[in-house]
Amino acid sequence: MTVRVVVADDQELVRSGFAMILDAQPGIEVVAEAGDGAQAVAAVRRLRADVALLDIRMPGLDGIAACREIVAAGGCRTVMLTTFDADEYVYEALHAGASGFLLKDVRRDDLVHAVRVVAAGESLVAPSVARRLIAAYTARPAGRPAPSAGRLAVLTVRERETLLHLARGLSNAEIAEALVVSEHTVKTHVSNVLSKLGLRDRIQAVICAYETGLVAPSAGGETGGPSPGRGSDTPAEDRPGG
């Protein structure tokens, strides 16, 4: 099935460049280009797009507001584009329902991969963007209660290990290697983590790991925290979402 994409960016050269890259890929069709959020929302609705590639900063209706409208309407997933990994709006884009975050200097192959991953119902965040997102989330205003670590009590030992590795940015294949299990089993663990904790995707799982204290950002920007304990459990039936 062809993935229908809308590319929105107020810079024509950037927009056209992304569109050309994606349109040249088998199974991907750029159905529209948009110069602002309002045009992007209208194009998604009119052309029934599967993925919207949205610049966060656009005139008029910005990418975050456009993302919110697109997600609320359903049927289309969004990938947000930022110029800098320190973009202060990344956190807002997460809550708007974005499924992916990329820097504008993303490599051609990574851009194509991101669109395919998001179209398949998964999520993807550039590592540097993830660090900014985590920093913004953990810098919560004084008095705002942090979720209790007891929230993780519903997880098995292996599921907690999986969540810890997710927070450290490991892929399913890397988690499988670290836990010495199959990727199929890892996918099951990821699905169980999302289901048990009521999370939408891997992005929210990373945030959950930080806000519950399972992992803590160190002064150097890298993740810290306890090493996962070893243990085992019987994997449940595989479900999509990991």
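Here we come to the overall build of the protein. Along the protein, the regular secondary structure elements total 10 helices and eight strands. Scored against the burial criterion, the 242 residues of the protein give a buried share of 47%. Contacts spanning at least 24 positions in sequence make up 69% of the contacts within the protein whose residues lie at least 6 apart. When the accessible surface of the protein is summed, it comes to about 11400 Å², and 52% of that surface belongs to carbon and sulfur atoms.

The subject of this paragraph is the pairing of strand S3 (residues 51-55). Burial of S3 is extensive: five of the five residues sit out of reach of the surface. Covered by surrounding structure in S3 are Val51, Leu53 and Asp55 together with Ala52 and Leu54, the residues of both alternating faces. As paired strands, strand S1 (residues 3-8) and S3 are joined by four bridges and run parallel to one another. Directly across from Val5, in S3, lies its bridge partner Val51. The pairing of S3 with strand S4 (residues 77-82) spans five bridges and is classified as parallel. By the bridge assignment, Asp55 is partnered in S4 with Leu81. Between the parallel pair S3 and S4, the chain is carried across by helix H3 (residues 63-73), and the sense of this crossover is right-handed.

Glancing now at the sheet that holds strand S6 (residues 124-125). Read across the open sheet, the six strands follow the order S2-S1-S3-S4-S5-S6; overall the sheet is parallel. Strand pairing shows two members of the sheet lacking a second neighbour, strand S2 (28-34) and S6, which therefore form its edges. Direction of pairing for S1 relative to S2: parallel, over a ladder of six bridges. Each bridged residue has a counterpart across the sheet, and for Val3 the counterpart in S2 is Ile28. Where helix H1 (residues 12-23) meets the sheet, it contacts S1, S2, S3 and S4, and its direction lies at approximately 165° from that of S2.

On to the nonpolar core. Membership of the largest hydrophobic core comes to 27 residues, with the highest contact counts inside it found for Val6, Val44, Leu54, Ile70, Met80 and Phe101. Mapped by element, the contributors of at least two residues to this core are S1, S2, helix H2 (37-47), S3, H3, helix H4 (90-96) and helix H10 (202-211).

What follows is about the environment of Leu81. Tracing the backbone shows Leu81 in strand S4. For Leu81, a relative accessible area of 0% corresponds to the buried category. Considering only alpha carbons, one finds Leu81 and Val106, 25 residues apart in sequence, at a separation of 9.3 Å. The contact partners of Leu81, leaving out residues within four places of it in the chain, are Phe18, Leu53, Leu54, Asp55, Ile56, Leu102 and Lys104.

How each quantity is defined
Residues numbered from 1 in each chain as written. Predicted model: local features only at pLDDT ≥ 70, side-chain atom pairs only at ≥ 80, totals over all residues. Heavy atoms only, no water. Helix = DSSP H or I, 4+ residues; strand = E, 2+ residues; numbered from the N terminus. Buried < 20%, exposed > 50% of the residue type's maximum accessible area, 1.4 Å probe, protein only. Contact = heavy atoms within 4.5 Å. Areas by Shrake-Rupley, 256 points an atom, 1.4 Å probe, with all protein chains shown as cover. Pairing = 2+ DSSP bridges. Right-handed = clockwise from strand over helix to strand, strands pointing away. Axes fitted to C-alpha atoms, helices over the stretch in contact; angles between N-to-C directions. Core = buried A, V, L, I, M, F, W, Y, C linked by side-chain atoms within 4.5 Å.

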